[in-house]
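Report on the structure
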Amino acid sequence: MHVSVIGAGYVGLVTAACLADVGNDVLCIDIDAAKIERLRRLEITIHEPGLDRLVERNAAAGRLRFSSSYDDAVSHATLIFIAVGTPSGEDGSADLSHVISCAQELGKRIERDSLIVVKSTVPVGTNDQVRAAVRSELGKRHKQLSVTTASNPEFLKEGFAVEDFMKPDRIIVGVDDAQSAETMRQLYAPFNRNRDRLIVMDIRSAEFTKYAANCMLAVRISFMNEMANLADGLGVDIEQVRHGIGSDPRIGPHFLYAGVGFGGSCFPKDLRAMVHTAARHDEPADMLTAAMQVNARQRGILAAKIDRFFDGGLKGRTIALWGLAFKANTDDIREAPSLSLIDALTSGGAKVRAYDPVALANARTVLNGNRGVELVNSAEAALDGADVLAVITEWLEFRSPNFDELARTLRAKAIFDGRNLYDPATVRAAGLEYFGIGRGA
């Protein structure tokens, strides 16, 4: 099939590359001409494991091409994905300006019956707005064409996006007509060979499903963080509790890890958007609001533990920080807990020496104005002259450090484990104090 994908960010580029990899002829466009030029040179603009090889392979085969032209997009395909950003507005609502702009640009150019698939995360009713925008532009050109829309929300975890797309646990498709459903079924047939993962529903339900899924996961994380904070005061190890409750099939083991709160481009934004939607419809969103409050509080947990350890005397201390990305296997630092920790520590007079395997460039842009932080190129360099170590991203290279060496290096001999990566007894046996999240006082 001939497919055009508008947007060359996380979702758009992964979608384009994966659809090309199963034999489709895909054109990926973005209005950022500099980004497109880099992609044409096979310079991948984001860190996503496996994506570089996927793009290179399909570009070489001629199945994946890049452009910054909407004219190219509509001439290439009648199946067009919209995969552009929907950032939070000032009131918490999803900013749909990029999505609607795409619809308008397509409406100005479409010359054939087409199916526009909204891949972006959008509130209920957005497909109606997309159709209206397209039809308005068609009307101005006196074009009588059948342009339908479908909702096809993404469920891609950053760091595992290629795997999630190629081996999905479900494919949600929202349509209002049988022909669109059949087109989407044909498109996703290569991903459905051993069992049918396609779930077809109406468009508004599909739009809602994406938000409901992310909100559910965010609530689970906040629930565990609240339990962890209580466990600290009761002398309870939340890791043992996690194993205990996760073995219940009604609960399951996923997203039960206590830590320093969630970040990234999805959960915070989608929670705010859902709360805003509920308010517009005069419906309470108490649980979602509570999840947001718990997460905001959790982002300050590690800083508070470090401050207490030094009895409020952060000034002149040096904190080694391992991890800047909001999670492992990505360079994304949007709303990353590390930024909150750095701000709290440096505001208190401490110096931070921070390292991350892939997020240093993005962090350097964001932290450029903070003179209290130094970004270094290795985990060992972060330890140079440090009083204590704080771990905030669960990268594999941080999983098994030499604790004896850490005990010799850290001046105040303490580890603050924001991801509960380490066994407290092992750390203490090396002569280090250990402070985790919910690991008991």
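Residues numbered from 1 in each chain as written. Predicted model: local features only at pLDDT ≥ 70, side-chain atom pairs only at ≥ 80, totals over all residues. Heavy atoms only, no water.

Topic: the overall build of the protein chain
Counting its regular elements, the protein chain contains 18 helices and 14 strands. Taking 441 residues into account, the globule formula puts the C-alpha radius of gyration at 22 Å, and the protein chain, at 24 Å, falls close to it. Based on the C-alpha atoms only, the size of the protein chain along its principal axes is roughly 75 × 45 × 45 Å. Looking at the 441 residues of the protein chain, the share that counts as buried comes to 55%. Pairs at least 24 residues apart make up 73% of the contacts formed inside the protein chain by residues separated by at least 6 positions. A total accessible area of about 19500 Å² is found for the protein chain, and carbon and sulfur atoms account for 50% of it. Mean positive and mean negative side-chain charge positions of the protein chain (51 and 57 charges, respectively) differ by 1 Å. (Helix = DSSP H or I, 4+ residues; strand = E, 2+ residues; numbered from the N terminus. Rg over C-alpha atoms; globule rule 2.2 N^0.38 Å. Buried < 20%, exposed > 50% of the residue type's maximum accessible area, 1.4 Å probe, protein only. Contact = heavy atoms within 4.5 Å. Areas by Shrake-Rupley, 256 points an atom, 1.4 Å probe, with all protein chains shown as cover. Lys, Arg positive; Asp, Glu negative; His and termini not counted. Charge placed at Lys NZ, Arg CZ, Asp CG, Glu CD.)

Examining the packing of aromatic side chains
For the coordinates displayed, the defined rule picks out twelve aromatic pairs. With a centroid separation of 6.2 Å and an interplanar angle of 45 degrees, the aromatic rings of F255 and F267 are classed as tilted. Note that F255 is positioned in the loop between α10 (238-246) and α11 (267-280) and F267 in helix α11, a separation of twelve residues in sequence. Since its relative accessible area comes to 13%, F267 is described here as buried. Consider the rings of F403 and Y422, whose centres lie 5.2 Å apart with planes at 85 degrees: the pair is edge-to-face. Here Y422 lies in the loop between β13 (414-417) and α18 (424-429) and F403 lies in helix α17 (residues 403-409), a separation of 19 residues in the sequence. Residue F403 is classed as buried on the basis of its relative accessible area of 13%. Through a chain of ring-to-ring contacts, three or more aromatic side chains come together here, namely F309, F310, F416 and F435. Above the face of the F155 ring, K210 is positioned so that its terminal group lies 5.3 Å from the ring centre. (Phe/Tyr/Trp six-rings, centres within 6.5 Å; stacked < 30°, edge-to-face > 60°. Lys NZ or Arg CZ within 6 Å of the ring centre and 35° of its normal.)

Description of the packing of helix α13 (residues 301-309) against helix α14 (residues 337-347)
Contact geometry of α13 with α14 gives a least axis separation of 8 Å together with a crossing angle of 30 degrees. With respect to each other, α13 and α14 are oriented roughly parallel. In this structure, α13 crosses over α14, and the sense of that crossing is right-handed. Touching L302, A303 and I306 of α13 are L341, A344 and L345, all from α14. When grouped by side-chain class, the residues that make up the contact of α13 with α14 number six nonpolar, no polar and no charged. (Axes fitted to C-alpha atoms, helices over the stretch in contact; angles between N-to-C directions. Parallel < 35°, antiparallel > 145°, perpendicular 65-115°, else oblique. Left-handed = near helix turned anticlockwise from the far one by under 90°. Nonpolar A, V, L, I, M, F, W, Y, C, P; charged D, E, K, R; others polar.)

What about the sheet that holds strand β11 (residues 373-375)?
One open sheet accounts for six strands, arranged β11-β10-β9-β12-β13-β14; its pairing is parallel. In the strand order of this sheet, the two ends are held by β11 and β14 (433-435), each with one partner. Direction aside, the axes of adjacent strands within the sheet are offset by 20 degrees on average. The pairing of strand β9 (residues 318-322) with strand β12 (residues 388-391) spans four bridges and is classified as parallel. From the neighbouring strand, A320 faces β12, where its bridge partner is L389. Here α13 sits on the sheet and contacts β9, β12, β13 and β14; the angle it forms with β13, its principal contact strand, is near 160 degrees. (Pairing = 2+ DSSP bridges.)

Here we look at the pairing of β13
Taking every second residue as pointing to the same face, both faces of β13 are buried, with A414 and F416 on one and I415 and D417 on the other. Pairing of β12 with β13, which is carried by three bridges, proceeds in the parallel orientation. Residue pairing in the sheet places A390 in a bridge with F416 of β13. What joins β12 to β13 is α17, and the crossover it makes is right-handed. As paired strands, β13 and β14 are joined by three bridges and run parallel to one another. Its bridge partner being in β14, I415 is matched across the sheet by Y434. (Right-handed = clockwise from strand over helix to strand, strands pointing away.)

Some remarks on helix α2 (residues 33-40)
Backbone nitrogen of A34 and a side-chain oxygen of the N-cap are separated by 3.2 Å at the start of α2; the cap is D32. Of the residues trailing α2, L42 is marked for its positive phi of about 65 degrees. (Polar contact = N/O pair within 3.5 Å; in protein donor to acceptor, adjacent residues only side chain to side chain.)

Here we look at unusual backbone geometry
Trans is the prevailing form of peptide bonds, just as negative phi is the prevailing case for residues other than glycine. A positive phi angle, close to 60 degrees, is found at H142, a residue other than glycine. By the element assignment, H142 lies in the loop between α6 (126-140) and β6 (147-151). Even without glycine at this site, N329 takes up a positive phi of about 70 degrees. Here N329 falls in the partly exposed class, since its relative accessible area comes to 27%.

A look at helix α1 (residues 10-21)
Look at α1: 17 Å from first C-alpha to last across twelve residues, which is about the 16 Å you get at 1.5 Å a residue. Within the sequence span of α1, burial applies to Y10, V11, G12, L13, V14, T15, A16, A17, C18, L19 and A20. G23 sits one or two positions beyond α1 and adopts a positive phi of about 110 degrees. (Expected span 1.5 Å × (residues − 1).)

Comments concerning the pairing of strand β5 (residues 114-118)
Counting buried positions along β5 gives five out of five residues, so the element sits mostly inside the fold. Across the two faces of β5 the burial is the same, with S114, I116 and V118 and L115 and V117 all buried. For the crossover from strand β4 (residues 79-82) across helix α5 (residues 97-107) to β5, the handedness is right-handed. Across five bridges, the pairing between β5 and β6 is parallel. In the sheet register, L115 faces β6, and the bridge partner there is T148. For the crossover from β5 across α6 to β6, the handedness is right-handed.

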